[in-house]
Amino acid sequence: MTTVLLVATIVCIVANAAIAAADYVKADFVLKNSAEVGVPARALPYLATLKLAGAIGLVAGLAGLRWLGVAAGVGLLLFFVGAVVAHVRARVFHNLAFPGLYLLLAGASAAHMVLVAAG
């Protein structure tokens, strides 16, 4: 089980770093999706920074700063709960799988970091 959670954590790091980069460069799919759910384009750099901070925090957690990893995992978990809520409130269901997948990865990462931090 721990190996599966570790792999999910690594995938979470890569996925969040990648989507943060797409947010920073304001990729077309990012602009389209954010407009559909009512997120202004000017908010994208701030949201990207949160995702990137979460990814960096998970890396730090894997490197030994366990409670920072827990905080990063929980932060990403809450971030993507908000993303799913934003999609549902805007009734944008056609791509709900994407924030849903990120939410799953964040949950697995948070669980992994808690298990590792608890010993």
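Residues numbered from 1 in each chain as written. Predicted model: local features only at pLDDT ≥ 70, side-chain atom pairs only at ≥ 80, totals over all residues. Heavy atoms only, no water.

S.K.: Help me understand the packing of helix H1 (residues 2-24) against helix H5 (residues 97-118) in this model?
M.R.: Helix packing geometry: the angle between the two helix axes and the distance between the axes. It is at 8 Å that the axes of H1 and H5 come closest, and there the two elements cross at 130°. In terms of their interaxial angle, H1 and H5 are classed as oblique. Along this stretch, H1 crosses H5, giving a crossing that reads as left-handed. Between H1 and H5, the contacting residues are Thr2, Leu5, Leu6, Ala8, Thr9, Val11, Cys12, Ala15, Asn16 and Ile19 on the first element and Tyr102, Leu105, Ala106, Ala108, Ser109, Ala111, His112 and Leu115 on the second. Taken together, the residues that form the contact of H1 with H5 break down as 13 nonpolar, 5 polar and no charged. (Axes fitted to C-alpha atoms, helices over the stretch in contact; angles between N-to-C directions. Helix = DSSP H or I, 4+ residues; strand = E, 2+ residues; numbered from the N terminus. Parallel < 35°, antiparallel > 145°, perpendicular 65-115°, else oblique. Left-handed = near helix turned anticlockwise from the far one by under 90°. Contact = heavy atoms within 4.5 Å. Nonpolar A, V, L, I, M, F, W, Y, C, P; charged D, E, K, R; others polar.)

S.K.: Would you mind showing me how to read the environment of Gly61 here?
M.R.: Following the sequence through the fold, Gly61 ends up in helix H3 (residues 44-62). Taking the C-alpha atoms as reference points, Gly61 and Gly73, separated by 12 residues in sequence, lie 9.2 Å from one another. If sequence neighbours within four positions are ignored, Gly61 has contacts with Arg66, Gly69 and Met113.

S.K.: What should I look at first to understand the side chain of Ser34 in this one?
M.R.: Tracing the sequence through the fold places Ser34 in helix H2 (residues 28-37). In this structure Ser34 comes out as buried when scored by relative accessible area, which is 6%. (Buried < 20%, exposed > 50% of the residue type's maximum accessible area, 1.4 Å probe, protein only.)

S.K.: Teacher, can you tell me more about the pattern of salt bridges here?
M.R.: Oppositely charged side chains can form a pair if their charged atoms are brought close together. A complete count under the given rule lists 1 salt bridge for this structure. With its nearest N and O atoms 2.6 Å apart, the salt bridge here joins Lys51 to Asp23. Here Asp23 lies in helix H1 and Lys51 lies in helix H3, a separation of 28 residues in the sequence. The burial state of Lys51 is the same as that of Asp23; both residues are buried. (Salt bridge = Lys/Arg side-chain N within 4 Å of Asp/Glu carboxyl O.)

S.K.: Can you walk me through the nonpolar core in this structure?
M.R.: General note: in soluble globular proteins, nonpolar side chains tend to be found buried as a group. Formed by 24 residues in total, the largest nonpolar core has its most connected members in Val30, Leu58, Leu76 and Phe80. For this core, the secondary-structure elements that each account for two or more residues are H1, H3, helix H4 (66-89) and H5. The element that contributes the greatest number of residues to this core is H1, accounting for 7 residues. (Core = buried A, V, L, I, M, F, W, Y, C linked by side-chain atoms within 4.5 Å.)

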